[in-house]
Amino acid sequence: MPELQMAPDAAGGEPTARAVAVVPAAGRGERLGYGMPKALVPVRGTALLTHAVRGLLNAGCVRHVVVAAPPADVEVVAALLRDADLPADVVPGGADRTDSVRRAFEHAVKAVPDVRVVLVHDAARAFTPPSVIRAVVAAVASGAPAVIPVLPMADTVKQVDFDGTVLATPDRSALRVVQTPQGFATDVLTRAYAEAGDSATDDAGLVEKIGVPVATVPGHACAMKVTTPFDLAIAEAVLAGQENS
Ligand SMILES: Nc1ccn([C@@H]2O[C@H](COP(=O)(O)OP(=O)(O)OP(=O)(O)O)[C@@H](O)[C@H]2O)c(=O)n1
Ligand SMILES: C[C@](O)(CO)[C@H](O)COP(=O)(O)O
């Protein structure tokens, strides 16, 4: 299937290019403290990862999904997705998020050699609205080398030193909170992972290091990352609201 083949937009709007999605899901979820890998933690009875992969495939602009799973749980994760009728390749993740993305991305370019748009999407951001996923894919398909969804800062932010003493108050109007999916032209992400030579807390960080501009699109509150027990409670409530509406 040639990349950038057009698919009808699920909302009935403009056709959307179809991307390959890499889903880092190999984290331990230590801050959540649920006693199992975070990707397997249920939200209203369904694993976080299942919600995330379903959301990607239902967005209408993703043609293939590769999941990086906790190495000890590759079979469990593959069975979970199979049982949910969600087609995805599952590979063992790495020691940190960057390593997990690298492994899944390497698999993706072998599995879909003509891929031109790659999304990297945290399993932990399982409730990202389809409109955000489509906006990122559309921006990359239109020629942006790298695109990330962002939100403005709601709080004042301080820079502090090692003992917590305030050093400065950055101008928050120039700051953004960063979400996923992050979208990339395949050649750009390939070069970033080959040349940036480091870990980063997000994939756009590696692209910045090789000097490629990163564009932004509006993110969404529902694309929150489930990190703590409080976030899990919020996710349960948001999903309950969606199911009852
Ligand atoms: N070695 C790792 C670490 C993280 N991730 C993934 O990267 C995303 C963002 O990470 P985060 O939410 O911080 O998850 P954890 O690393 O599991 O969290 P914690 O630091 O609390 O253990 C998650 O979908 C997580 O599964 C990954 O694939 N491989
Ligand atoms: C990629 C990310 O979700 C963007 O906000 C985030 O950086 C991942 O967070 P982590 O806690 O560093 O894994």
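Just so you know, these numbers come straight off a predicted model, no measurement behind them.

(A) Region of interest: the site of ligand 1. Close contacts around ligand 1 come from 23 residues, with Pro24, Ala26, Gly27, Arg31 and Ser100 the closest. Residues belonging to the shell around ligand 1 are distributed by class as follows: nine nonpolar, six polar and eight charged.

(B) Structural context of the packing of helix 1 (residues 48–58) against helix 2 (residues 74–83). Relative orientation of the contacting elements helix 1 and helix 2 amounts to 55°, with a least axis distance of 10 Å. In terms of orientation, helix 1 and helix 2 fall into the oblique class. As for how helix 1 packs across helix 2, the hand of that crossing is right-handed. Residues Leu49, Thr50 and Val53 of helix 1 touch helix 2, and the partners they reach there are Val77, Leu80 and Leu81. Class assignment of the residues belonging to the contact of helix 1 with helix 2 gives a composition of five nonpolar, one polar and no charged.

(C) Looking closely at the UniProt feature "site: Transition state stabilizer" (unreviewed entry) in the chain. According to UniProt, the feature "site: Transition state stabilizer" (unreviewed entry) maps to Arg31 and Lys38 in the numbering used here. Tracing the sequence through the fold places arginine 31 in the loop between strand 3 (19–24) and strand 4 (42–43). Beyond its immediate stretch of four places on either side in the chain, arginine 31 contacts Thr227 and Thr228. Setting aside residues no more than four positions away along its own chain, lysine 38 makes contact with Gly27, Gly29, Leu32, Leu48, Ala124 and Val226.

Cut-off values and rules
- Every residue gets a number counted from 1 within its own chain, in the order that chain's sequence is written.
- Each chain gets a letter, beginning with A, and each ligand a number, beginning with 1, in the order they are written.
- Owing to the predicted nature of the model, reporting of local features is limited to residues with pLDDT of at least 70; listing and counting of side-chain atom pairs is limited to 80 or more, with chain, interface and lining totals taken over all residues.
- Any residue whose backbone-placed C-beta atom lies within 6 Å of a molecule or strand is treated as near that molecule or strand.
- Each residue is assigned to one class: nonpolar for Ala, Val, Leu, Ile, Met, Phe, Trp, Tyr, Cys and Pro, charged for Asp, Glu, Lys and Arg, and polar for all the others, Gly among them.
- Each axis is a line fitted through C-alpha atoms, taken for helices only over the stretch in contact, and angles between the N-to-C directions span 0 to 180 degrees.
- A helix here means a DSSP run of H or I that spans at least four residues, while a strand means a run of E at least two residues long, and both kinds are numbered starting from the N terminus.
- Between 65 and 115 degrees an angle is taken as roughly perpendicular, under 35 as roughly parallel, over 145 as roughly antiparallel, and anywhere else as oblique.
- A crossing counts as left-handed when the near helix is turned anticlockwise from the far one by less than a right angle, and as right-handed when that turn is clockwise.
- We call two residues in contact when their backbone-placed C-beta atoms lie within 7 Å.
- UniProt positions are given in the numbering used here, feature names are shortened, and annotations may be inferred rather than shown by experiment.

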